[in-house]
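# Descriptive analysis of the structure
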Amino acid sequence: MAESLPEHDRILQEIESTDTACVGPTLRSVYDDQPNAHQRFMEKLDACIRNHDREIEKMCNFHHQGFVDAITELLKVRADAEKLKVQVTDTNRRLQDAGKEVIAQTEEIIRCRVQQRNITTVVEKLQLCLPVLEMYSKLKEQMNVKRYYSALKTMEQLENLYLPRVSQYRFCQIMIENLPKLREEIKEISMSDLKDFLESIRKHSDRIGETAMKQAQQQKTFNTSLQKQNNINYGRNIHLGRSRILESKNEITLKRTFEEDDEHEEEVLTAQDLVDFSPVYRCLHIYSVLGDGEIFENYYRKQRRKQARLVLQPQSSMHETVEGYRRYFSQIVGFFVVEDHILHVTQGLVTRTYTDELWNMALSKIIAVLRTHSSYCSDPDLVLELKNLIVVFADTLQGYGFPVNRLFDLLFEIRDQYNEALLKKWSVLFRDIFEADNYSPIPVANEEEYKIVISKFPFQDLELDKQSFPKKLPMSQSVPQIYIQVKEFIYASLKFSESLHRSSTEIDDMLRKSTNLLLTRTLSSCLQNLIKKPHIGLTELVQIIINTTHLEQACKYLEDFISNITNISQVTVHTARLYGLSTFKDARHAAEGEIYTKLNQKIDEFIQIADYDWTMSESDGRASGYLMDLINFLRSTFQVFTHLPGKVAQTACMSACQHLSTSLMQMLLDNELKQISMGAIQQFNLDVIQCELFASSEPVPGFQGDTLQLAFIDLRQLLDLFMVWDWSTYLADYGQATSKYLRVNPSTALTLLEK
């Protein structure tokens, strides 16, 4: 019991000293204590309360008088307080009335100060935003006027300099989102412009190429005129030099050309005048700025390769006209002029390696196309125009630095085709000349006509010059015409050989080889065909032999003619010779053989009309009519042979007599002839006597003694044997060199004896 009391005192101290919010644990300890502790605590609490009440009462009693005094004083000041309250209320009312205007003005000042602060803030922010907006507006304006490269630069400034300062604003975010779209739009627009550019240069390539080729031709004409003025020997070097055609590689500039005696300047269109190159520059810059320069280069080169393949594809009918070739070359030249221009005005878009590769590909295709289409050309004029176009084409591109040696090598192939075409053309000309010739000597009535003839053909005859007019030249009209046409052929061949970048010696060799082909193949073939024609008679054949003799003599003048136009002396070691001598000799031999053949054929025709009565009892006393006609024909024919070389006339006469003798012998020995009377033998003898008389009359001068009569010796001895009936002598002297009937064959004599 005594122990619990101090515990209760401790609890009461804690209750008095502890915050009421924390008294719970203290009170709980009262109930956790010993039984009846609660009651004892309550008793202790009541005692404590009574103690505090006594202390309060003591304190109140101690301070009561002061309290009473204070209340009294308070009651005294109540009245003053009421007055003061009234005064304060009145003062407050007046103050409130007076402060309303101040408050209103203060509120206005505050509002203005807020506005001013907001305005200042807005100005500051606008000063940051306005450059961004101005740049964006500038960007839009540049887009509208298609200044895309400048627009890209503006975008870079926006992204790197301006937008980071105001990135917190929503409009900036919109701008940032729009910039990639604008870049793509610029790429698409520039690519579209590039496509339009590619289409434009595809359409204008032929015009550009035509202008460039015309320019190259004018330059060549100018150089040729200048060379002539400086007395440069053209014959030592046909080609005037592989100098650059244009002063600038990337455009066609002004040219000075000469026309007759007048000198003037002619301004021609440049590549930039025909095509606007700005799209490709712009597109290149745009893609370079965007970091896609390599993509653009690959696309450009790919598209140009495609265009190159299209340009190199010729029309199927290109070989029909020179305009087809001209259009083909113009497109190719235009293509590579553009590429050369791009090469020199851009950095890296087109490289020299790329253009060389593209040119090598194109050159192989061009050569294949020209080789194919030129093979279809049969007109030499068209082939010549093609050659001139190829030369201008090659010179033009060579001026831009492209190698063209293979083109000049191709020209040598085309030259062979040109020569073949010329040979075919001249074959027709020769045939027409031979067809129109009358194969009679050329009559000249006076000196003027004579000079006209010798101006066309180099003819000299001192004996003929001594004769008075009118007179006849030995050759026929075809000789000067053939000679003129051979010279025309040489000129035509020379036209192709010019500008082939070959020396005069090579050109001289080309001309001689071409002329040799003309003489040995074309003219020789025409002569051979002419000689074989059925309507060509003996008179014509004689004239042909005379003509070929004079043409053969004129070959040396043709060699001089070639030497004069090429300035190459004939004494040069490598100079080829003309083979006209063998050509005309062969033609003469063929004509001579044809003369012999036709003479024999004519003799056979007369023999066929012979009508002997082999059973006649006695002869008519005169030679047969057919034989006299034959002898008259031979006599008149051999008179024509007076202009032939003596050996030819003699051979023809001997051949005719031998053939006549053989034909008469065959007539006697004909198997169908079964019986011959002595009268027929006598008549036949009269005919042989006429043949012998003809032979002894020397129809062709130059035979020695009775050489021509020996052609009939077999017949004479056989007929004498039967006419004299000298069989004993024949049999006695048979086999002896001194036999009177040495030429009589036993079998022949036996056959005739049986008949």
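The present account deals with the structure reproduced in this document. Computed from a prediction, not measured in an experiment: that's the story for all the values here. (Residues numbered from 1 in each chain as written. Predicted model: local features only at pLDDT ≥ 70, side-chain atom pairs only at ≥ 80, totals over all residues. Heavy atoms only, no water.)

### Describing the overall build of the protein
The line we're drawing: Secondary structure elements are taken from DSSP: a helix is a run of H or I of four residues or more, a strand is a run of E of two residues or more, and numbering for both begins at the N terminus. Buried residues are those whose accessible area, probed at 1.4 Å on protein chains only, stays under 20% of the maximum for their type, while exposed residues exceed 50% and partly exposed ones sit between those limits.
Counting its regular elements, the protein contains 24 helices and 4 strands. Split into buried and exposed, the 755 residues of the protein put 42% on the buried side.

### Quick look at the packing of helix α9 (residues 322-345) against helix α10 (residues 352-374)
Inclusion rule: Helix axes are fitted only over the stretch in contact, all axes being lines through C-alpha atoms; the angle between N-to-C directions runs from 0 to 180 degrees. In what follows, roughly perpendicular refers to angles from 65 to 115 degrees, roughly parallel to angles under 35, roughly antiparallel to angles over 145, and oblique to any angle outside these ranges. Any two residues whose heavy atoms approach within 4.5 Å at even a single point are treated as in contact. Polar here means any residue outside two lists: the nonpolar Ala, Val, Leu, Ile, Met, Phe, Trp, Tyr, Cys and Pro, and the charged Asp, Glu, Lys and Arg; Gly therefore counts as polar.
Axis separation between α9 and α10 bottoms out at 11 Å; the angle between their running directions is 175°. By the angle between their axes, α9 is roughly antiparallel relative to α10. The segment α9 lies against α10, with Tyr 325, Tyr 328, Phe 329, Ile 332, Phe 335, Phe 336, Glu 339, Asp 340, Leu 343 and His 344 engaging Arg 352, Tyr 354, Thr 355, Leu 358, Trp 359, Ala 362, Ile 366, Val 369, Leu 370, His 373 and Ser 374. Within the contact of α9 with α10, the residues separate by chemical class into 14 nonpolar, 4 polar and 3 charged.

### So, the side chain of Gln 683
Keep this limit in mind: Any pair of N or O atoms that falls within 3.5 Å is considered a polar contact. Within protein, one atom must be able to donate a hydrogen and the other to accept it, and sequence-neighbouring residues count only if both atoms are side-chain atoms.
By the secondary structure assignment, Gln 683 is in helix α21 (residues 678-696). Of the residues examined, Gln 683 reaches a relative accessible area of 3% and is grouped as buried. Among the polar contacts made by the side chain of Gln 683, one reaches the main-chain carbonyl oxygen of Arg 622 at a distance of 2.7 Å. Leaving out residues up to four positions away in the same chain, Gln 683 has contacts with Tyr 612, Met 616, Ser 619, Asp 620, Gly 621, Arg 622, Ala 623 and Ser 624.

### Remarks on the packing of aromatic side chains
Formally: A pair of aromatic rings is counted whenever rings of Phe, Tyr or Trp (Trp by its six-membered ring) have centres within 6.5 Å, and the orientation is called stacked for planes under 30 degrees apart, edge-to-face for over 60 and tilted otherwise.
The full count for this structure, using the stated rule, is 26 aromatic pairs. Note on Trp 359 and Phe 393: the rings are 6.5 Å apart at their centroids and 45° apart in plane angle, and the pair reads as tilted. Of the two residues, Trp 359 is situated in helix α10 and Phe 393 in helix α11 (residues 380-399); the sequence distance between them amounts to 34 residues. Look at Phe 393 and you get buried, because its relative accessible area is 0%. Aromatic side chains Phe 606 and Phe 633 sit 5.8 Å apart centroid to centroid with 35° between the ring planes, which places their arrangement in the tilted category. Here the residue Phe 606 occupies a position in helix α18 (residues 580-608), and Phe 633 occupies one in helix α19 (residues 625-640), the gap between them amounting to 27 residues. Grouping residues by exposure puts Phe 606 and Phe 633 together as buried.

### Digging into a negative patch on the surface
We count it as follows: Residues forming no salt bridge and having over 30% relative accessible area are the ones grouped into patches, like charges within 9 Å of each other and nonpolar side chains (Val, Leu, Ile, Met, Phe, Trp, Tyr) within 5 Å. In short, Shrake-Rupley with a 1.4 Å probe defines the accessible areas, and a residue's cover is counted only from the protein chains shown. By definition here, a salt bridge exists when the distance from a side-chain nitrogen of Lys or Arg to a carboxyl oxygen of Asp or Glu is within 4 Å. By the counting rule applied here, Lys and Arg register as positive and Asp and Glu as negative, while His and the ends of each chain are not counted. To locate a charge, take NZ of a lysine, CZ of an arginine, CG of an aspartate or CD of a glutamate.
Negative charge collects at one region of the surface, where Asp 611, Asp 613, Glu 618 and Asp 620 lie side by side. Note on placement: Asp 620 falls in the loop between α18 and α19.

### A short note on helix α17 (residues 538-566)
Keep this limit in mind: Given a helix with a known number of residues, its expected span is that number minus one, times 1.5 Å. Think of it this way: the bend at a residue is just the angle between two axes, each fitted to seven residues, one set ending at that residue and the other starting at it.
In this model α17 runs 42 Å from its N-terminal to its C-terminal C-alpha over 29 residues, within 8% of the 42 Å that 1.5 Å per residue would give. At Cys 555, α17 is bent by approximately 30°, the largest bend along its length. Backbone geometry just after α17 places Asn 567 at a positive phi near 60°.

### Observations concerning helix α3 (residues 37-144)
The first and last C-alpha atoms of α3 sit only 102 Å apart over 108 residues, clearly below the 160 Å expected at 1.5 Å per residue. His 63 marks where α3 bends most, by close to 50°. The set of residues buried in α3 consists of Ala 37, Arg 40, Phe 41, Cys 48, Gly 99, Cys 129, Val 132, Met 135, Tyr 136, Leu 139, Gln 142 and Met 143. Looking one or two places after α3, you find Lys 146, whose phi comes out positive at around 65°.

### Digging into a nonpolar patch on the surface
Taken together, the side chains of Phe 67, Val 68, Ile 71, Leu 74, Leu 75 and Val 77 present a nonpolar region at the surface, about 520 Å² in accessible area. For Val 68, the location among the structural elements is in helix α3. On the accessibility criterion, Val 68 (31% relative accessible area) is partly exposed.

### Thoughts on the state of the cysteines
In a disulfide, the sulfur atoms of two cysteines are covalently bonded to one another. Selection rule: Pairs of cysteine sulfur atoms within 2.5 Å are what we label disulfides.
Applying the stated criterion to the full structure yields 0 disulfides. Cys 653 takes part in no disulfide bond, and the closest cysteine sulfur, belonging to Cys 657, lies 4.4 Å away. A relative accessible area of 0% means that Cys 653 is categorised as buried. Residue classification places Cys 657 among the buried residues on the basis of a relative accessible area of 1%.

### With respect to the pattern of salt bridges
Under the defined criterion, the tally for this structure stands at 25 salt bridges. For Asp 508, the salt bridge goes to Arg 512, with nearest N and O atoms at 2.7 Å. Of this pair, Asp 508 and Arg 512 both sit in helix α16 (residues 504-532), separated by 4 residues, roughly a single helical turn. When sorted by exposure, Asp 508 lands in the same class as Arg 512, which is buried.

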